[in-house]
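# Per-entry structural report
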Protein chains: 2
Amino acid sequence: MKLTSRSEYALLALVFLARSDSAHHISVETIARAQNIPPKFLEQIMLALKHGKYVHSVKGQRGGYRLAKAPDKISLAEVIRLFDGALAPTESVSKYFYETTPIEKEKNLLRVFRQVRDQVAEILETTTIADVV
Amino acid sequence: MKLTSRSEYALLALVFLARSDSAHHISVETIARAQNIPPKFLEQIMLALKHGKYVHSVKGQRGGYRLAKAPDKISLAEVIRLFDGALAPTESVSKYFYETTPIEKEKNLLRVFRQVRDQVAEILETTTIADVV
DNA sequence: CATATTCCTAGTAAAGTAGTAGGAATAATA
DNA sequence: TATTATTCCTACTACTTTACTAGGAATATG
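Residues numbered from 1 in each chain as written. Chains lettered and ligands numbered in written order. Predicted model: local features only at pLDDT ≥ 70, side-chain atom pairs only at ≥ 80, totals over all residues. Heavy atoms only, no water.

## Looking at the protein's contact with DNA strand D
Neighbouring DNA strand D are 28 residues; E43 and S57 of chain A together with K40, Q44 and Q61 of chain B lie closest to it. Among atoms of DNA strand D positioned within 4 Å of the protein, sugar and phosphate together represent 64%. Measuring from a base oxygen of DNA strand D, one finds a side-chain N or O atom of Q61 of chain A at 3.3 Å. Take K40 of chain B: an N or O atom from its side chain is 2.4 Å from a base oxygen of DNA strand D. Contributions of two or more residues to the surface near DNA strand D are made by α3 (39–51), β1 (55–58) and β2 (64–67) of chain A together with α1 (5–19) and α3 (39–51) of chain B. Sorting elements by how many residues they give to the surface near DNA strand D places α3 of chain A first, with six residues. Split into classes, the residues belonging to the surface near DNA strand D amount to eight nonpolar, twelve polar and eight charged. (Near = heavy atom within 4 Å. Polar contact = N/O pair within 3.5 Å; in protein donor to acceptor, adjacent residues only side chain to side chain. Helix = DSSP H or I, 4+ residues; strand = E, 2+ residues; numbered from the N terminus. Nonpolar A, V, L, I, M, F, W, Y, C, P; charged D, E, K, R; others polar.)

What follows is the structure, given as structure tokens:
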């Protein structure tokens, strides 16, 4: 279970926004400084979060971002999925296994992989940004 | 949670050996054909398993591999660790988080990551090759 | 001596990762 | 109106990892 920097930075940014006064918008610069994230990189990440409808943006001076959903409506799982692709579907837990093995024979191994996936998903689906704030 | 092909192939090879008659040794060629693994790649993997003391080998004609431990003494976790490095220590779950973030502030996020790690570890540590066979 | 095997090292092509660079669009402000 | 602060968007790049392949030395068996 390894997260990419993208999804970690995304979570950190969302958490920061959730903690901020939702009245005004917050710039990438501000978030980047607070959470210690490379600003230009965070710019990309915020853009993706915007496209994913997790944040709202306003351009221009005094512009920036704010959450587009209530923090308790954003699970860690969906954010991680947005950046790292599928969270842990069986195919991702076990890509080569699926592609190359006569599965009938090794379905016990498969069962364990699925169990892992389910446990990870369970935790990340049920934990929200609000829980972290 | 994504396994590399190496650790999946290693597990498949060990499972195959565990199911085989332990009296004689089994060649890479045989395992590779049975489990549909690129033979030269499997060669490397078997070598690593040998260095990790999971299998025993005999060179030359009629040579090959056999398990060096009882199948119920080999957990999936240790095999995966051998190939994919740390299974899911907190640092790996959350590399950038650790390196770049004032952790004090985001220790709730950290707690979730740890919870995921622990769950994954729990399953993989307690499941052995014997359970899969 | 031929053959079947493990042992070991090096190389390689493709993909993924973590960024950087730079400029267009837009909104507030001086 | 000009400047400035911001988002928006695309392209690029350096690095690492991944999944192999190649080839030959060592060694045991027939």
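## What about the nonpolar core?
M46 of chain A together with M46 of chain B are the most contacted members of the largest nonpolar core, which totals 76 residues. Those residues within four positions of M46 of chain B in sequence are excluded, and the remaining contacts are A13, L17, V28, I31, V55 and Y65 of chain B. (Core = buried A, V, L, I, M, F, W, Y, C linked by side-chain atoms within 4.5 Å. Buried < 20%, exposed > 50% of the residue type's maximum accessible area, 1.4 Å probe, protein only. Contact = heavy atoms within 4.5 Å.)

## What to know about the protein's contact with DNA strand C
Every one of the 28 residues lining DNA strand C counts as a neighbour, but K40 and Q44 of chain A together with E43, S57 and Y65 of chain B are closest to it. The share of sugar and phosphate among atoms of DNA strand C within 4 Å of the protein is 65%. Taking Q44 of chain B, its side chain carries an N or O atom lying 3.1 Å from a base nitrogen of DNA strand C. One nitrogen or oxygen atom from the side chain of K50 of chain B is found 2.6 Å from a phosphate oxygen belonging to DNA strand C. For the surface near DNA strand C, the elements supplying multiple residues, two or more each, are α1 (5–19) and α3 of chain A together with α3, β1 (55–58) and β2 (64–67) of chain B. Tallying contributions element by element places α3 of chain B first for the surface near DNA strand C, with six residues. Per-class residue counts for the surface near DNA strand C are eight nonpolar, twelve polar and eight charged.

## Describing the environment of T30 of chain A
All names here are of chain A. Inspection of the secondary structure puts T30 in helix α2 (residues 28–35). Take T30: its relative accessible area is 33%, and that puts it in the partly exposed class. Taking the C-alpha atoms as reference points, T30 and H56, 26 residues apart in sequence, are found 16 Å from one another. A polar contact of 2.9 Å, which involves the side chain of T30, links it to the side chain of S27.

## Structural notes on the pairing of β2 of chain B
Residue and element names in this part refer to chain B. Pairing geometry for β1 and β2, over four bridges, is antiparallel. By the bridge assignment, H56 is partnered in β2 with R66. Hairpin connection from β1 to β2: five residues lie between these consecutive antiparallel strands, with G60 at a positive phi of about 80°. (Pairing = 2+ DSSP bridges.)

## Quick word on the side chain of S20 of chain A
Position of S20 of chain A relative to the elements: it lies in the loop between α1 and α2. On the basis of relative accessible area, S20 of chain A is assigned to the buried category, the value being 17%.

## A short note on the side chain of E106 of chain B
With respect to the helices and strands, the residue E106 of chain B is situated in the loop between α6 (95–100) and α7 (107–126). Take E106 of chain B: its relative accessible area is 1%, and that puts it in the buried class. Separated by 3.1 Å, the side chains of E106 of chain B and Q35 of chain A make a polar contact.

## Looking at α7 of chain B
Residue and element names in this part refer to chain B. In a regular helix each residue adds 1.5 Å, so 20 residues correspond to 28 Å; α7 covers 28 Å between its end C-alpha atoms and thus fits that length. Within the sequence span of α7, burial applies to L109, L110, V112, F113, V116, V120, I123 and L124. All buried residues of α7 lie within an arc of 160° about the axis, which places them on one face of the element. Facing away from the buried surface of α7 by more than 90 degrees, the exposed residues are R111 and T126. (Expected span 1.5 Å × (residues − 1). Arc of directions from axis to C-beta.)

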